[in-house]
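Secondary and tertiary structure notes
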Amino acid sequence: MDQNKQIKIDALSKQVPLGDLYGIFFEDLNHAADGGLYAELIQNRSFEFDPIDNKNYHGLTAWEKIEKEGAEVKIWVESENPLNDKNKNYLGVEVKASGKGAGFLNKGFNTGVALVEKEVYDFSCYARTERGNCIAVEVSLVNDEGVCYGKEHIVISGDEWKQYHISFTSTGTDYSVRLAFLIKESGVAYFDMVSLFPKNTYRGRKNGLRPDIATMLEDLKPKFMRFPGGCLVHDGSLNSEDRDSMYRWKNTIGNVESRPPRRNNWGYNQTLGLGYYEYFLLCEDLGAKAIPVIPGGYDPHHKGIVPIEELGPWIDDALDLIEFANGDVNTTWGKKRAELGHSEPFCLEYIGIGNEEVGEPFFERYPYFHKAIKERYPDMKVINSSGPFAAGSEYDRGWKSAKEHNSDLVDEHYYQSPEWFLANYHRYDNFKADEPKVFLGEYASWGNTYYNALVEAAFMTGLEKNAHAVGLACYAPMLCNVDYINWQPDMIWFNNHQVYGTPNYYVQKLFMNHQGEYLLPTTAVGLSNAASPEEKGIQGKIAILSKGVKTSFRNIRFKDFITGEETVSSDVELDIDEIQDLFHTTSSHYELKLKGIRRTGGRGFEIFFGETDNTNRFVWEVGGWQNQDCLLTATVKGRNSCLTQSIFSMDLDREYDLTLEVEERTIRTYIDGILMNETRDNLPVIEDIYYTASIEDNNDIIAKFVNVKDQEITVDVVLNGMEDKELTGNVYQLSGYLPEDTNSFDTPNKIYPDETKILVKGKFSFTFPKESVTVIRLGLK
Ligand code: AHR
């Protein structure tokens with residue numbers, strides 16, 4: 001036993017409560033809801049798909065006519081006599097000759113409708129025909145080879161919309177099935193809200209959720225669930241009636257056939273079948289607190305701004321949502337909740353205003369929401385936003401606003417390289433307990449490998465140790481349908497019949513399952529907590545990229561402050577996407593000066609520096625993203641981190657004076673002499689071991705250890721004051737994997753925590769394998 005290395009846990013002195021620290025974040029991107037968690041098997045069930053949602057969409061997306069030998073069929077979408085005024089489109093079918101089969105089918109999601117033998121599927125649709133007519137329709141579940149797993153008939157009569165129901169028990173398992181309608185005679189019929197749900201939904205709920213995916217969430221034991229986004233909260237028009245409006249919760253409750261069609265800003269259609277009521281039910285089922293996020297009257301993506309004097313209905317939306325969740329059944333919205341089937345309140349404690357907000361308009365509006373909510377619901381915890389970046393002017397603006405208005409929490413988001421997470425392990429060490437708490441509402445390192453998960457685990461021990469300042473944290477995004485990827489990495493992957501958790505999922509699960517109620521003080525003896533990496537300045541190639549635009553540059557000068565040497569480059573004209581190398585330096589104290597003009601296009605340009613190869617470089621984006629950012633990023637091994645950002649947009653045909661200064665690892669940028677960015681890119685530091693400890697209300701002591709290094713380490717774990725006590729419990733461990741290992745549909749549990757029993761005294765020696773995550777949970781014997 002190496003006597004020098006000890007981690008002492010003060011098991012008798014409960015520190016900060018860990019509260020609701022670890023939770024989950026649901027956003028309908030990657031078809032997380034439709035074609036995902038929401039169990040509906042029919043795609044475009046109400047014929048509302050539209051090019052506004054996705055330029056390739058139309059009312060018949062995912063639908064096809066069936067016209068077998070001798071048949072003649074016409075199908076179309078119309079809206080003259082709709083089911084209701086929110087659900088305008090419906091399908092018209094005219095069979096001129098029924099031949100060997102005439103009708104239409106739905107292709108479902110992914111490879112098709114997924115059926116499991118002996119499972120029951122509930123079909124329903126609204127339909128009508130012409131006055132005085134009856135039409136017989138055969139409804140079947142059939143694959144492209146003609147294998148049928150269930151066949152029933154409905155007879156549609158009259159010209160009024162009526163709902164028809166069938167239950168199928170599938171005679172086989174097949175994941176590429178179509179829902180087919182065959183009409184046996186000539187005539188015209190109309191269909192809408194064609195639905196097929198597995199009877200087996202999560203907890204058997206109607207209009208419910210896929211049990212396999214929901215069970216993965218339940219297994220996490222999250223303390224909270226943030227919803228419904230993400231960008232889809234605030235990306236959209238200001239008019240709640242528009243299909244591309246921001247996410248307005250009142251559109252998402254009530255009968256599914258009366259929920260309006262909605263463009264999901266991730267490029268598809270969102271049925272809203274999984275709306276706010278279903279969300280609150282899911283939270284209840286998971287034992288997670290709801291954290292709804294509502295728009296703050298500003299769309300930073302399109303600069304849509306609600307005038308302050310018109311904010312009233314937006315603030316009412318917030319107050320009404322709280323009433324919908326918590327209000328007595330005699331209140332307007334509490335009554336609506338009761339009518340939907342839940343007379344008990346949902347006990348909402350948190351509400352978020354805005355997603356990742358940048359720009360003054362949001363911060364002008366936030367105080368109105370905050371004040372109104374606190375006046376009516378003083379105990380409601382109100383969450384402010386600090387934008388999409390880990391640092392910079394907008395991040396600071398969010399925190400300033402939060403401090404000024406006494407927000408309870410501030411929503412921080414960052415997606416960064418593993419190296420950034422290691423370098424920023426101590427990010428929250430100096431945050432104060434008496435200021436708004438951090439809600440780390442979206443974070444992930446770029447990737448779903450074991451190494452990503454390992455680094456995230458190390459970082460999470462830092463979140464936990466700083467529970468005085470970090471109130472809530474959730475990985476993002478959570479769900480991804482493999483055939484509809486908008487964003488990756490993601491925590492859980494699925495197709496139409498399988499689901500698996502990534503290594504990142506199992507880290508989250510270990511931390512959520514073993515969070516503990518209170519932090520315990522820990523002290524390390526003989527362990528390095530800040531092994532300095534070899535300090536290396538930023539050196540390498542300097543180049544300009546004209547991404548998507550035409551540009552001109554002149555007066556290009558490089559000055560090496562170490563040698564005093566100055567080099568001049570000739571003027572540069574760049575066409576769209578052209579790149580021009582300028583200098584290469586081995587100095588790490590230098591200055592680049594140039595004058596630059598954007599001649600075309602919707603954004604600015606990029607200046608590369610410190611480039612050692614294609615996958616390792618720094619970038620100064622001038623007028624980046626939608627020509628609204630001035631940011632500095634670091635790419636390490638192909639993975640990007642935003643180091644800092646400020647707001648800046650570049651005028652067309654205007655010349656700007658640009659200066660980049662590098663001093664070892666400190667970077668400064670200036671535009672027209674004004675300091676735009678200043679940051680230090682710290683190199684990653686790998687500590688000997690990352691650790692934290694907590695205690696449950698039942699006195700179970702939990703210690704978490706993460707060894708990121710590629711060598712094992714033996715440590716004495718000492719429970720102060722309990723050294724001679726006998727303790728028993730379990731060890732949960734991830735170890736023995738290669739950094740690049742991951743899970744997949746074929747090997748869903750390749751990376752999966754081992755569980756073993758442990759019997760120890762209150763002082764014991766433990767060897768943590770290289771690259772491992774270990775949770776030790778102990779109780780008195
Ligand atoms: O999680 C994916 C996206 O990342 C979210 O929509 C947004 O909030 C962030 O930019």
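So, here's what we can say about the structure.

Quick word on the overall build of the protein chain
Across its full length, the protein chain holds 9 helices and 49 strands. Rg of the C-alpha trace for the protein chain: 29 Å, near the compact-globule value of 28 Å for 781 residues, within the 12% margin. When its C-alpha atoms are laid out on the principal axes, the protein chain stretches across 90 × 75 × 55 Å. A sequence separation of at least 24 residues applies to 74% of the contacts in the protein chain between residues at least 6 apart. Of the roughly 29,600 Å² that the protein chain leaves accessible, carbon and sulfur atoms contribute 47%. For the protein chain, the distance from the average site of its 81 positive side-chain charges to the average site of its 119 negative ones is 2 Å.

Here we look at helix 8 (residues 450-465)
In this model helix 8 runs 23 Å from its N-terminal to its C-terminal C-alpha over 16 residues, within 8% of the 22 Å that 1.5 Å per residue would give. With 15 of 16 residues buried, helix 8 lies mostly within the body of the structure.

What to know about the packing of helix 8 against helix 9 (residues 503-513)
Interhelical geometry of helix 8 versus helix 9 gives an angle of 25° and a closest axis separation of 8 Å. One way to sum up the angle between helix 8 and helix 9 is to call them roughly parallel. Judged by the twist between their axes, the crossing of helix 8 over helix 9 is right-handed. Residues Tyr-450, Asn-452, Ala-453, Glu-456, Ala-457, Met-460, Thr-461 and Glu-464 of helix 8 touch helix 9, and the partners they reach there are Pro-503, Asn-504, Val-507, Gln-508 and Phe-511. Along the lines of polarity and charge, the residues of the contact of helix 8 with helix 9 split into 7 nonpolar, 4 polar and 2 charged.

Looking at the site of the ligand
All residues adjacent to the ligand are Glu-27, Leu-29, Gly-230, Cys-231, Trp-266, Asn-355, Glu-356, His-413, Tyr-415, Glu-442, Pro-477 and Trp-487. For the ligand, an oxygen atom lies 2.7 Å from a polar atom in the side chain of Tyr-415. Contact with the protein chains removes 95% of the 280 Å² of surface that the ligand exposes when unbound. Classifying every residue of the shell around the ligand by side-chain character gives 6 nonpolar, 3 polar and 3 charged.

What about the sheet that holds strand 48 (residues 763-768)?
Judged by pairing direction, the sheet is mixed, and its 4 strands sit side by side in the order 29-1-45-48 without closing on themselves. Edge strands, defined here as strands with exactly one partner in the open sheet, are strand 29 (522-525) and strand 48. The sheet shows a mean angle of 25° between the axes of neighbouring strands, direction not considered. Here strand 45 (residues 713-719) pairs with strand 48 via 6 bridges, running antiparallel. Directly across from Val-717, in strand 48, lies its bridge partner Phe-764.

Let's talk about helix 3 (residues 312-326)
With 15 residues, helix 3 should cover 21 Å at 1.5 Å per step; its first-to-last C-alpha distance of 21 Å lies within 8% of that length. The element helix 3 is largely enclosed, with a buried count of 11 among its 15 residues. Listed as buried for helix 3 are Trp-314, Ile-315, Asp-317, Ala-318, Leu-319, Asp-320, Leu-321, Ile-322, Glu-323, Phe-324 and Ala-325. Considering only its buried residues, helix 3 is in contact with helix 2 (276-286), strand 17 (289-294), helix 4 (332-339), strand 20 (350-353) and helix 5 (360-376).

Structural notes on the packing of aromatic side chains
Enumeration over the complete set of coordinates arrives at 56 aromatic pairs. Judged by centre distance (4.4 Å) and plane angle (10°), the ring pair of Phe-104 and Phe-181 falls under stacked. Remark: Phe-181 occurs in strand 12 (residues 174-183) and Phe-104 occurs in strand 6 (residues 102-106); sequence separation between them is 77 residues. Ring-pair connections join several aromatic residues into one group, and the members of that group are Phe-26, Phe-227, Tyr-247, Trp-249, Tyr-276, Tyr-277, Tyr-279, Phe-280, Phe-324, Trp-333 and Phe-346. One residue, Lys-381, lies across the ring of Tyr-350, its end atom 4.9 Å from the ring centre. Directly above the aromatic system of Tyr-691 lies the positively charged group of Lys-465, at a separation of 3.6 Å from the ring centroid.

Focus: the packing of helix 3 against helix 4
It is the contact of helix 3 with helix 4, at a shortest axis distance of 7 Å, that shows an interaxial angle of 45°. On the basis of the axis angle, helix 3 is oblique to helix 4. With respect to the hand of their crossing, helix 3 and helix 4 are arranged in right-handed fashion. Counting all contacts with helix 3, which are made through Asp-320, Glu-323, Phe-324, Ala-325 and Asn-326, the residues of helix 4 involved are Thr-332, Trp-333, Gly-334, Lys-336 and Arg-337.

A short note on the pattern of salt bridges
On inspection of all chains with the given rule, the structure shows 54 salt bridges. Note that Glu-40 is salt-bridged to Arg-45, the shortest N-O span being 2.9 Å. Note on Arg-45: relative accessible area 5%, which makes it buried. Residues joined by salt bridges that share partners form a network here, namely Asp-20, Lys-289, Glu-349 and Lys-381.

Comments concerning the pairing of strand 32 (residues 566-569)
With 4 bridges joining them, strand 31 (residues 551-560) and strand 32 adopt antiparallel strand pairing. Paired with Ile-556 across the two strands is Ser-569, which belongs to strand 32. The hairpin turn running from strand 31 into strand 32, its antiparallel successor, is 5 residues long, and Gly-564 in that turn takes a positive phi close to 80°.

Re the state of the cysteines
A disulfide bridge is the covalent bond that connects two cysteines by way of their sulfur atoms. In this structure the tally under the stated criterion is 0 disulfides. Lacking any disulfide linkage, Cys-125 is separated from the closest cysteine sulfur, that of Cys-134, by 15 Å. Left unpaired, Cys-480 is separated from the closest cysteine sulfur, that of Cys-231, by 15 Å. Given the relative accessible area of 0%, Cys-480 is considered buried.

Reading guide: rules and limits
- Residues numbered from 1 in each chain as written.
- Predicted model: local features only at pLDDT ≥ 70, side-chain atom pairs only at ≥ 80, totals over all residues.
- Heavy atoms only, no water.
- Helix = DSSP H or I, 4+ residues; strand = E, 2+ residues; numbered from the N terminus.
- Rg over C-alpha atoms; globule rule 2.2 N^0.38 Å.
- Contact = heavy atoms within 4.5 Å.
- Areas by Shrake-Rupley, 256 points an atom, 1.4 Å probe, with all protein chains shown as cover.
- Lys, Arg positive; Asp, Glu negative; His and termini not counted.
- Charge placed at Lys NZ, Arg CZ, Asp CG, Glu CD.
- Expected span 1.5 Å × (residues − 1).
- Buried < 20%, exposed > 50% of the residue type's maximum accessible area, 1.4 Å probe, protein only.
- Axes fitted to C-alpha atoms, helices over the stretch in contact; angles between N-to-C directions.
- Parallel < 35°, antiparallel > 145°, perpendicular 65-115°, else oblique.
- Left-handed = near helix turned anticlockwise from the far one by under 90°.
- Nonpolar A, V, L, I, M, F, W, Y, C, P; charged D, E, K, R; others polar.
- Near = heavy atom within 4 Å.
- Polar contact = N/O pair within 3.5 Å; in protein donor to acceptor, adjacent residues only side chain to side chain.
- Pairing = 2+ DSSP bridges.
- Phe/Tyr/Trp six-rings, centres within 6.5 Å; stacked < 30°, edge-to-face > 60°.
- Lys NZ or Arg CZ within 6 Å of the ring centre and 35° of its normal.
- Salt bridge = Lys/Arg side-chain N within 4 Å of Asp/Glu carboxyl O.
- Disulfide = S-S within 2.5 Å.

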